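Residue-level structural notes
One-letter residues, chain by chain:
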Amino acid sequence: MDEIFEKVQAVVDRYDEISEMISDPDVISDTQRFMALSKEEGSLRETVETFKRYKEVVDGIEGNEEMLNEGLGDAELEEMAKDELKELKAEKETLEEQMKILLLPKDPNDDKNIIMEIHGAAGGDEGALFAADLYDMYQRYAEKQGWNVEIIDENKTEIGGYKEIVLMITGNNVYSKLKFENGAHRVQRVPETESAGRVHTSTATVGVMPEYEDVDIEIEDKDLRVDVYRSSGAGGQHVNKTSSAVRMTHLPSGIVVAMQDQRSQQQNRAKAMEILKARVYDYYASQNEAEYAEQRKTAVGTGDRSERIRTYNYPQNRVTDHRIGLSLNKLDRIMNGELEDVIDALIIADQTAKLEELKQG
């Protein structure tokens, strides 16, 4: 544990340093620097508070052991001291594990907003309807988290499903909680159109990309083809009068973004470029992550959208996450946005895998 303590002490020292800096008038007057330091201070606070409690527990253990060694001369007091000692030792172990987890390398994207894409995949209309159900599920979960959900692009089917829906979800630590949703989601249920009552299997895919406001990727003009065309759909007199819709193609990767929801070509261009940058960045980052994940064999997989990650079995009211072998018989509540148990289990599995790596490394 000595190495852990050294690392935690370095965090505490940095926290104290930042606390002094953000009370400096020169720092306070520099808004950008003040916000960056405040954010860093916030990210270190849990580690500092855990370490503070750990030291209190260690002091408590030493105090109780000292009293018991000296003898209290009272059987009832000694029993109380023994009980407290037992509780403090258990808490000490828990806090040691917490500190190890808090010192794990942080995903730099964890506090970012996300762009989420949901596509109806196998199963035709039923796959598109399930894509709509997944959208509702994430929308409700986001509401519970106090996040904001904005539909950026959508391609509806006549019966109310989605061939594709693209969302921007903004709020605190969105990516950290939804990054494991990447992949193919399988549904098993009796479609409304099925007269014989047979259970059908369909899929929808989910893609989760961090929003890169100041993305570290430059898309050069030579790698980009931009087509403009007339909008279609709702919009009154504006529709089909001007070529305001924009389609951007990133030639090296073949990624295409079409945007027609905004009122002007300039707005559509800006929004399309924002999404294109995120998709292109994600395209290259995912390739690197897939190679890395193949080497470390993570518990939660590579995040590839072709990888089947979860099954939603309606007849048995069961959700199964195949990556960690988790099955919960409360599909109705999960589809109502109560995703906490699934997401928490995935985060713990990922942390456990990383801790094992540290032990072996």
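The following paragraphs examine the structure supplied in this document. Keep in mind that what you see is a predicted model, and the values were worked out from it rather than measured.

The rules behind each value
- Residues numbered from 1 in each chain as written.
- Predicted model: local features only at pLDDT ≥ 70, side-chain atom pairs only at ≥ 80, totals over all residues.
- Heavy atoms only, no water.
- Salt bridge = Lys/Arg side-chain N within 4 Å of Asp/Glu carboxyl O.
- Helix = DSSP H or I, 4+ residues; strand = E, 2+ residues; numbered from the N terminus.
- Buried < 20%, exposed > 50% of the residue type's maximum accessible area, 1.4 Å probe, protein only.

**Some remarks on the pattern of salt bridges**
- This model, assessed by the stated rule, comprises 21 salt bridges.
- One salt bridge connects Arg53 with Glu56, and the closest N-O pair in it is separated by 3.2 Å. Here the residue Arg53 and the residue Glu56 both occupy positions in helix α3 (residues 31-70), the gap between them amounting to 3 residues, near one helical turn.
- For Glu56, a relative accessible area of 41% gives the class partly exposed.
- Lys179 is the partner of Asp110 in a salt bridge, and the nearest nitrogen-oxygen pair spans 2.8 Å. Of this pair, Asp110 sits in the loop between α4 (75-102) and β1 (114-120) while Lys179 sits in the loop between α6 (174-178) and β4 (183-189), and the two are 69 residues apart along the sequence.
- What makes Asp110 buried here is its relative accessible area of 18%.

**Considering unusual backbone geometry**
- Unlike most non-glycine residues, Asn173 shows phi in positive territory, near 55 degrees.
- Looking at the secondary structure, you find Asn173 in the loop between β3 (162-170) and α6.
- Positive phi, normally seen in glycine, also occurs at Asn317, with a value near 50 degrees.
- On the basis of relative accessibility, which here comes to 26%, the residue Asn317 falls in the partly exposed class.

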